[in-house]
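Below are the chains, spelled out letter by letter.
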Amino acid sequence: MGEVLNINKSKRLFLKSLEDKIKGEEVMRNRSLKIEGMTCAACAKAVERASKKLEGVIEANVNFATEKLNINFDESKVNVQDIQAAIEKAGYKALIETSTKVLKIEGMTCASCAKAVERASKKIDGVTEANVNFATEKLSISFEPSKVKVLDIKKAIEKAGYKAIEEESTIDADKEKKEKEIKALWNRFIISTIFAVTLLIIAMAPMVGEKLGYMLPAAIDPMDHPEVFSIIQLVLVLPIMITGKKYFSVGFRSLFRRSPNMDSLIAIGSSAAFIYSVFAVYQILLGDTSYHLYFESAGTILTLITLGKYLESVAKGKTSEAIKKLMGLTPKTAVVIREDKEVEIPIDEVEVGDIILVKPGEKIPVDGKVTEGTSSVDESMLTGESIPVEKNIGDPIIGASINKNGSFKYRATRVGKDTALSQIIRLVEEAQGSKAPIAKLADVISGYFVPVVISLATIGALAWYIYGETGVFSLTIFISVLVIACPCALGLATPTAIMVGTGKGSEYGVLIKSGTALETAHKIQTVVFDKTGTITEGKPKVTDIVTTKGIDEKYLLQLAATAEKGSEHPLGEAIVKEAEDRQIEFKKSDLFKAIPGHGIEVTIDNSRILLGNRKLMVESNISLEGLEERSQTLAGEGKTPMYIALEGTLVGIIAVADTVKEHSKRAIEKLHALGIEVAMITGDNKKTAEAIAKQVGIDRVLSEVLPQDKANEVKKLQSENKKVAMVGDGINDAPALAQADIGIAIGSGTDVAMESADIVLMRSDLMDVVTAIDLSKKTIRNIKQNLFWAFGYNTLGIPVAMGILHIFGGPLLNPMIAALAMSLSSVSVLSNALRLKGFKPSI
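Bear in mind that the values here come from a model prediction, so they are computed numbers and not experimental data.

### Let's talk about the packing of helix 10 (residues 262–285) against helix 16 (residues 471–484)
Move 1: Taken N-terminus to C-terminus, the directions of helix 10 and helix 16 make an angle of 155°; their axes are 8 Å apart at the nearest point. Judged by the angle between their axes, helix 10 and helix 16 are roughly antiparallel. At the point where helix 10 passes helix 16, the crossing takes the left-handed sense. The residues of helix 16 that touch helix 10, namely those facing Leu265, Ile268, Gly269, Ala272, Ala273 and Tyr276, are Val472, Leu475, Phe478, Ile479 and Leu482.
Move 2: Considering only residue class, the contact of helix 10 with helix 16 consists of 10 nonpolar, one polar and no charged.

Right under this line is the structure:
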């Protein structure tokens, strides 16, 4: 039970924030901050600790792979500045993510005008910086895209009496920064390599030179000129130490703050080698040549660590390709109709209500509804559905989809951050920034890992020294343990797999909203499907009309259609459509009353009409004699009998059938193949439900369930100690979606259902339920492999570095080999996570 409560924590937070909004007390905030200065999982843990110590912080999760902190907090108790200050105190930097635009300003005549534009810009909530260059007449402005749009900035400048024109595209500051970081790491590696290779050749020559057939020049030969030999090595290692100074500044700072990290291990290990070697040089200059030099170890360690960091940064960039792809889908401009003219404007300037023209082959700018024309639209980039969708007047249009053949006009209904694409990007970003429960083990270990490693390195070195080994031998042990045991691989094991897994899901129209959902999905034992609109098309049609003696079929349909004219129930809509198709004239109705889970009551021509299911008739004391047998036959055929009573007397039945979706049966077969029990929940009577269940192979039928009782039915299944997934699409499914261990909303459903769900399927295809579970299984398997290698590597590496092989006559681990092994461990974990990019649905 505790596990179920834990899984639904994020849902409770959502409902709490919804409550606050209703009350007008928007105190709960969720922010994403970019964290700078982290080098390993221990750093991520330190940032989390610093954040969680603040009063008002409810939840704080750091994703080491994306270098982002996702934090929930009560704004009445703590603000973003407090969080940033706490993180800075811990030795890191928290930045609010911003976009930068350059706008051309028209109408400025002096420096005062420039100042006025700056003032107007800076007053906007969400603008972090605004600088006007009067000479070039340009405004460089940084802002939070989640708070303010370019259109708002332009309006504010226009209000101040000037005009802002978009001149350059948005600068992707994060991307630029990443590219600079990768380039800087590469440059550091090249510089370090040049000096390290030279240093290695000189240092190793006395040991292996004779065997390999090369000798050092006499002027620097250690036998003839030990002083020159040692000083040259000191000179060669200094540029490597200077190039890698960041390891020392960050490492020692973290150590002094009592939250040591990966850099602390590198800094201590390479510093120990360097300081010992400097002391050795001093002794050699005094004439004692018995000392060994460790400059090549210090230099090579730093060089190999830098190579590992470079490869890690490149691989990290590949994990977030899904987001980059999604962001690249949106077109930059839109053609709108203004005063009967076609005007091309930047997409940021499109407003709700604008009429937009789309020509063949063009990308659709924003969401809307077709007002004129027809076409077929390729929505595959958002839904994964390869077949183009026909669009007619009144049909919805998704921004970023591609118009195939035909021009049409449509009215914009959602723009900016409200579009379907923007919401998908937000969902994927939040999922990639969240943590799976499996990550907690790695988090706990990485928090204690570095201090334990420092202790083991010290104990190992002292033990060997006490045992009788030389100081050089003990130093080798000390450095090797520190260098081989970096916790990078542990920190990358989970977030990288989650990023690739959720990104891959979005490619196939499966939006997994959190790491918790991704992990829980692979444990699912029972999947509960809502019937209408999920297993079936949700577009039923009239199949049979049965009347009692003396009642005309046309009259019965006229009564039923008139009664249902005010209803939004799909069964009622089928009756109305049938009447319209037969061109039957509707009567005037009064006093429409919906009876949830039963039917409706309407007054037509001053007569009371009841239309609904068997329950409604029984509770209204209406005799079913004469039609009972026929209704059972219809129900047995999978049809829904709708009873019609006139002034307390049954006058007939209209049977309505909902067709089963094309892939429903196949999806259920696939779930059975995965060992998952399948249940169906519906408000329909037992016979109708069982007939549908028989068609598709359902194991368990939950029929005649009222909308408000769906969540209770899910709870009953959970009480059998089962992990339950609920699949639905309607508002009345939202409580059940929230109650289930995993709520899966199909994308054709309502926004409320999608908000309550943990997984959103962009298509109405039940095969995507199989894809979601399959992707979860493969991602969790990948995470377990990553954790196995990360833990296994350290479990094996540390004893070897401490000299366990040497006890049995084996070799001693060279610190340089330890550095190479440490770098490759992180790269191997990232490479394994990237294998998920090859995932394809099993259909």
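Past the structure itself, the notes keep going.
### Section: the packing of aromatic side chains
Move 1: According to the stated counting rule, one finds nine aromatic pairs in the structure shown.
Move 2: Geometrically, the ring pair formed by Trp186 and Tyr310 is tilted, given 5.0 Å between the ring centres and 45° between the ring planes. Pair noted here: Trp186 is in helix 7 (residues 173–212) and Tyr310 is in helix 11 (residues 295–319), with a separation of 124 residues, a long-range link.
Move 3: Ring centres 5.4 Å apart and planes at 75° place the aromatic pair Phe788 and Trp789 in the edge-to-face group. Just as Phe788 is exposed, Trp789 falls in that class too.
Move 4: Of the aromatic side chains, those joined through ring pairs into one cluster are Trp186, Phe189 and Tyr310.

### Topic: the pattern of salt bridges
Should the charged atoms of two oppositely charged side chains come close, the side chains can pair.
Move 1: For the coordinates displayed, the defined rule picks out 25 salt bridges.
Move 2: Of the charged contacts, one joins Lys359 and Glu342 as a salt bridge, the two residues approaching to 3.8 Å between their closest N and O atoms. Here Lys359 is found in the loop between strand 11 (355–358) and strand 12 (367–373), whereas its partner Glu342 is found in strand 10 (residues 341–346), with 17 residues between them in sequence.
Move 3: By relative accessible area, Lys359 is classed as partly exposed at 36%.
Move 4: Taking relative accessible area as the criterion, Glu342 reaches 51% and is therefore assigned exposed.
Move 5: Put simply, Glu677, Arg700, Glu720 and Lys722 are held in one network by salt bridges that share partners.

### Concerning the pairing of strand 12
Move 1: With six bridges joining them, strand 12 and strand 17 (residues 408–414) adopt antiparallel strand pairing. Bridge pairing links Val370 to Tyr410 in strand 17.
Move 2: Where strand 12 meets strand 15 (residues 396–397), two bridges bridge the pair, whose relative direction is antiparallel. Residue Gly368 lies in a different strand from strand 15, and its bridge partner there is Ile397.

### Quick look at the sheet that holds strand 1 (residues 28–36)
By definition, the strands of a sheet pair up through backbone hydrogen bonds, in either a parallel or an antiparallel sense.
Move 1: In space, the four strands of this open sheet follow the order 2-3-1-4, with antiparallel pairing throughout. Of all the strands in the sheet, just strand 2 (57–63) and strand 4 (93–96) have a single pairing partner and so form its edges. Looking at each pair of strands side by side, their axes are set apart by 30° on average, direction ignored.
Move 2: Note that strand 1 and strand 4 share four bridges and pair antiparallel. Looking at the pairing, Leu33 lines up with Ile96 of strand 4.

Thresholds, definitions, all that
- Residues numbered from 1 in each chain as written.
- Predicted model: local features only at pLDDT ≥ 70, side-chain atom pairs only at ≥ 80, totals over all residues.
- Heavy atoms only, no water.
- Axes fitted to C-alpha atoms, helices over the stretch in contact; angles between N-to-C directions.
- Helix = DSSP H or I, 4+ residues; strand = E, 2+ residues; numbered from the N terminus.
- Parallel < 35°, antiparallel > 145°, perpendicular 65-115°, else oblique.
- Left-handed = near helix turned anticlockwise from the far one by under 90°.
- Contact = heavy atoms within 4.5 Å.
- Nonpolar A, V, L, I, M, F, W, Y, C, P; charged D, E, K, R; others polar.
- Phe/Tyr/Trp six-rings, centres within 6.5 Å; stacked < 30°, edge-to-face > 60°.
- Buried < 20%, exposed > 50% of the residue type's maximum accessible area, 1.4 Å probe, protein only.
- Salt bridge = Lys/Arg side-chain N within 4 Å of Asp/Glu carboxyl O.
- Pairing = 2+ DSSP bridges.

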